[in-house]
Protein chains: 2
Amino acid sequence: MEFKLKGKVVFFATHNIHKFNEARSILSPYGIAVGMIKVKALEIQSDSLSEIATASVTDTFNRCHLPVIVEDAGLFIDALKGFPGPYAAYVYKTIGNKGLLKLMENVNDRKATFQSAIAFYNGQSAPMCFEGEVTGEIAFEERLGSGNSGFGFDPVFQPVGSFKVFAEMTIEEKNRFSHRASAFRKFAEWYKR
Amino acid sequence: MEFKLKGKVVFFATHNIHKFNEARSILSPYGIAVGMIKVKALEIQSDSLSEIATASVTDTFNRCHLPVIVEDAGLFIDALKGFPGPYAAYVYKTIGNKGLLKLMENVNDRKATFQSAIAFYNGQSAPMCFEGEVTGEIAFEERLGSGNSGFGFDPVFQPVGSFKVFAEMTIEEKNRFSHRASAFRKFAEWYKR
């Protein structure tokens, strides 16, 4: 079976519908259609997000043979020496926002950085990697607004230049600031050609 | 070049001299000589230590072509839903024992489990995996005795059946309790044949 598609298409390998919706909101204006696929792919341990994403995308492509993107994100808190770093997903699943805020009790330096690395591969030449980051602060309590209500550490991360945490923003607002949006925009600029 | 060795020999791929010394203390009485090699091998992200160790040992063997062991360990704290789990090394490097104790402030349920998975591969048939675990409690403060003084979370982990934390024990005492010793003993029983 062969598909004929107008414009470009890419598949985002993720189990996270929130990430997928953010990606779609960025890519649509570029005329890039994005599909969500759930593939269990290899994920390596590394302090480098781009290394994790690049290793993963090759394996993912070998399982689906589609032009595919994987994303790896991390949250690096200065006062905690980079914790939770690339293991943000496991840390979220276990101690969550409450644990993070407990670690930050009586800590004045609230600076933190969200980073995202997107790797793309379609089986030709080498995987391409695009990175984005946003600097901000860890809030003093969880905040959930009328926005997208967020996922992961969104309720405690307030980017520089906003009075809202990510969870208080709509997808469009969050995409003006977010690490993931910034990486996806770089990808789109390259992929639309 | 060919070596002739009396008895059995195995190489332990680790960068941690404390782990190596523990392994040597267990394996020597079995007549198994153990060498330390430092190989940077693939480490995957997974909630399963045996999956991490098994994936890693194949890659390690392909880099060194020696009969080789890799070990992966994790600390699973009940009240923290299994945190820090398989990412104990990164968590230790960032928030350390002080961070762990802060997360456990005002927590009554101190139960925790140390787990170890050892994978062995010599290029023949499939990798073998051996597991060990020890149950205990998270202490209320860091303790360093006149023992091995410990590494990682040893200063805050007190196994069931002892009044000492791991860091207060000699290597021989720790090996009577520890997850790693238990996994290495299983390996030794199998390997000495």
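Overview of the structure. Each chain has its residues counted from 1, running along the sequence as written. Starting at A for chains and at 1 for ligands, labels are handed out in the order in which the entities are written. Local features are withheld for residues below a pLDDT of 70 in this predicted model, meaning they are given only at 70 or higher, and side-chain atom pairs are given and counted only at 80 or more; totals for whole chains, interfaces and linings count all residues.

1. Details of the packing of helix α4 (residues 96-103) of chain A against helix α4 (residues 96-103) of chain B
Two numbers describe how α4 of chain A lies on α4 of chain B: the axes approach to 9 Å, and their chain directions differ by 120°. The orientation of α4 of chain A relative to α4 of chain B falls into the category oblique. Handedness of the crossing formed by α4 of chain A with α4 of chain B: right-handed. Contacts between α4 of chain A and α4 of chain B involve G99, K102 and L103 of chain A on the former and, on the latter, G99, K102 and L103 of chain B. For the contact of α4 of chain A with α4 of chain B, the residue count by class is two nonpolar, two polar and two charged. Think of each axis as a best-fit line through the C-alpha atoms, taken over the contacting stretch in the case of a helix, with angles from 0 to 180 degrees between the N-to-C directions. Elements are defined by DSSP. Helices are runs of H or I of four residues or more, strands are runs of E of two residues or more, and each kind is numbered from the N terminus. Any angle from 65 to 115 degrees is called roughly perpendicular, while one under 35 is roughly parallel, one over 145 is roughly antiparallel, and all others are oblique. Helix crossings are classified by the rotation of the near helix relative to the far one: an anticlockwise turn of less than a right angle makes the crossing left-handed, while a clockwise turn makes it right-handed. Residues are treated as contacting if the C-beta atoms built from their backbones sit within 7 Å of each other. Side-chain classes are defined by residue name, with Ala, Val, Leu, Ile, Met, Phe, Trp, Tyr, Cys and Pro counting as nonpolar, Asp, Glu, Lys and Arg as charged, and the others, Gly among them, as polar.

2. Some points on the relation of the copies chain B and chain A
For the least-squares superposition of copies, only C-alpha atoms count, and only for residues with pLDDT at least 70 in both. For the pair chain B and chain A, the relating rotation is 180°, the translation along its axis is 0.0 Å, and the fit reaches an RMSD of 0.0 Å. Taken together, the rotation angle and the small translation identify this as a two-fold axis. Closest approach to the rotation axis among the C-alpha atoms of chain B is made by I44 of chain B, whose C-alpha sits 1.8 Å away. The overlap is high: 100% of the interface residues of chain B also sit at the interface in chain A, so the same surface is used on both sides.

3. Let's talk about the environment of S162 of chain A
Residues and elements named next belong to chain A. Position of S162 among the secondary structure elements: in the loop between β7 (157-159) and α5 (171-177). Residue S162 is classed as partly exposed on the basis of its C-beta count, with 15 C-beta atoms lying within 10 Å. For the pair formed by S162 and E105, sequence separation is 57 residues and the distance between their alpha carbons is 22 Å. Field definition: a residue is buried when 20 or more other C-beta atoms are found within 10 Å of its C-beta, exposed when 12 or fewer are, and partly exposed for counts in between, with C-beta atoms placed from the backbone.

4. What about the interface of chain B and chain A?
Counting residues at the interface gives 17 residues for chain B, matched by 17 residues for chain A. Class assignment for the residues of the side of chain B that touches chain A results in nine nonpolar, five polar and three charged.

5. A few points about the packing of helix α1 (residues 17-27) of chain B against helix α6 (residues 179-191) of chain B
Residues and elements named next belong to chain B. The geometry of α1 relative to α6 is characterised by a closest axis approach of 9 Å and an angle of 45° between their N-to-C directions. What the angle tells us is that α1 and α6 run oblique. The hand of the α1/α6 crossing is right-handed. Where α1 abuts α6, its residues K19, E22, A23, I26 and L27 lie against R180, A181, F184, R185 and A188. Of the residues that constitute the contact of α1 with α6, the class distribution is six nonpolar, no polar and four charged.

6. A closer look at the nonpolar core
Among the nonpolar cores identified, the biggest contains 114 residues, and I118 and A119 of chain A together with I118 and A119 of chain B are the most heavily contacted of them. Apart from residues no more than four positions distant in its own chain, A119 of chain B is found in contact with A53, T54, S56, V57, I69, V70, P127, M128 and C129 of chain B. Think of a nonpolar core as buried Ala, Val, Leu, Ile, Met, Phe, Trp, Tyr and Cys residues, each tied to the set through C-beta atoms within 7 Å.

7. Concerning the pairing of strand β1 (residues 8-13) of chain A
All names here are of chain A. Strands are labelled as partners when DSSP assigns at least two bridges between them. Pairing between β1 and strand β2 (residues 32-37): six bridges, direction parallel. In the sheet register, V9 faces β2, and the bridge partner there is A33. Handedness of a crossover is defined as follows: with both strands directed away from the viewer, a clockwise route from the first strand across the helix to the second makes it right-handed. For the crossover from β1 across helix α1 (residues 17-27) to β2, the handedness is right-handed. The pairing of β1 with strand β3 (residues 68-77) spans two bridges and is classified as parallel. From the neighbouring strand, F12 faces β3, where its bridge partner is I69.

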